[in-house]
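Geometric and topological summary
Now for the letters of each chain:
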Amino acid sequence: MNKMTVRDIELRGKRVLVRVDFNVPLDGNTITDTTRIRAALPTLQYILGCEPQAVILMSHLGRPQGERVAELSLAPVAPALAELLRHDVAFTDDCIGSEAEAALNALPRGGVILLENTRFHPGESKNDNQFAAKLAEHGDVFVNDAFGTAHRAHASNVGIAAHLTTVAGLLLEKEINYLATALEQPQRPFVAILGGAKVSGKIDVIDALLGKVDRLLVGGGMANTFFAAQGRDMADSLVETEALDSARNILDAAGAKLVLPVDQRIANAFRDDAAQELIAATADVPAGWQSLDIGPATVAAFAQVIQVAKTVVWNGPMGVFEMPAFAAGTVGLARALADVTAKGATTIIGGGDSAAAVEQAGLAARVSHISTGGGASLELLEGKALPGIIALSDL
Ligand code: AMP
């Protein structure tokens, strides 16, 4: 990477402003998954080890649309971070203004403080320069470690870079290295797996990947749209009628590179306890039924392709994995990825649902990398340059 990282600058005695991704799932005041907080720890520990004057953390949480929304306060994150970091973490009710200034001034040397949700200010999502300048006043240097928002040009990750030397944190560096290396110099065979609900949101990523991969395995709801485009009756399955033309074009262009399921698990209702059957992908789905997972023959066929791969990138579940009755396909693929990782392949899980599925299967530690940013990793896979990465200072 030709961009500066946190290892390239002097941090001793500095006020280090860090954009983290603490956009955690909350149930009231309880954080239901601390993955994103834990993912920031290596960078924060590294910075603290450099004996800075202060570490000032900022993040967004949810979509408060530029207004103060009590349920989207970052307050519960401060004690959770303190426990994981084993270091006091102060909190201030606003990310700019006199209250924030006072809290920052009251910090002891080496203190850590978390600022309130940056998206409580409309200037954040608008990348307003005045708001960015106010944030920048808090620090001497700026570390961006929020991969999850790298595809957005907001004040706290992009605007701020106009005011301070801007370097990547260790998490951002790791994400870029895994995803960019896989795309630019993949060890082959290079296999991509795409699933999830829709084709429409992923047309660009399919196009981009088809130019790079040796095989593109397609499962999940999006496979239904491809089958429908081939003229198969998918009955009540999720099919995007408006994406049928795109699906047809993709099938024509991809040829044998694009691999569709050979069998599917169908159900007579969108329910975990619905009646279910396995059908071959050559057969029509009977009236009143819908396809909710790939079948075991597809898991075996996909696993055979994965088994010989040297690089695998996966985004999107193979079925409605949230219901145990339709999780077998997704879990089966997660196992195939774990197996090929053990043989030395590099396996990368795009964020979001596929990451949740791999965690749910208990296989998170057995793949090479699980991205913390679903949207950002998809845009990298599309070959787009991400504003948060462009904004980093050049080496
Ligand atoms: P996406 O955000 O496009 O990656 O879609 C993820 C969602 O797709 C998950 O919530 C899955 O339950 C859903 N999904 C996967 N396969 C199917 C399917 N065959 N039918 C309906 N929904 C599906």
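Everything here concerns the structure above.
Here's what I pulled together on the structure shown here.

Criteria and thresholds
- Residues numbered from 1 in each chain as written.
- Predicted model: local features only at pLDDT ≥ 70, side-chain atom pairs only at ≥ 80, totals over all residues.
- Heavy atoms only, no water.
- Near = heavy atom within 4 Å.
- Polar contact = N/O pair within 3.5 Å; in protein donor to acceptor, adjacent residues only side chain to side chain.
- Areas by Shrake-Rupley, 256 points an atom, 1.4 Å probe, with all protein chains shown as cover.
- Helix = DSSP H or I, 4+ residues; strand = E, 2+ residues; numbered from the N terminus.
- Nonpolar A, V, L, I, M, F, W, Y, C, P; charged D, E, K, R; others polar.
- Core = buried A, V, L, I, M, F, W, Y, C linked by side-chain atoms within 4.5 Å.
- Buried < 20%, exposed > 50% of the residue type's maximum accessible area, 1.4 Å probe, protein only.
- Contact = heavy atoms within 4.5 Å.

Description of the site of the ligand
- Neighbouring the ligand are 15 residues; Ala-197, Lys-202, Gly-221, Glu-322 and Asp-353 lie closest to it.
- In the model, an oxygen atom of the ligand is placed 2.9 Å from a nitrogen or oxygen of the Ala-197 main chain.
- A distance of 3.1 Å separates a nitrogen atom of the ligand from a polar backbone atom of Ser-291.
- With the chains in place, 78% of the 500 Å² that the ligand exposes on its own is no longer accessible.
- Every element with two or more residues in the shell around the ligand is listed here: helix H8 (220-229) and strand E14 (290-294).
- Among the elements that line the shell around the ligand, the one with the most residues is H8, at three residues.
- Here the shell around the ligand is composed, by residue class, of five nonpolar, six polar and four charged.

Things to note about the nonpolar core
- Core analysis: the largest hydrophobic core is formed by 50 residues, its most contacted members being Ile-206, Leu-216, Phe-226 and Leu-258.
- Among the secondary structure elements, those contributing two or more residues to this core are helix H6 (170-184), strand E9 (190-194), helix H7 (203-210), strand E10 (215-218), H8, helix H9 (244-254) and helix H13 (374-381).
- Filtering out sequence-adjacent residues up to four positions away, Leu-258 remains in contact with Leu-216, Val-218, Phe-226, Ile-250 and Leu-251.
- Core analysis: the second largest hydrophobic core is formed by 31 residues, Val-6, Ile-37, Ile-47 and Leu-74 among them.

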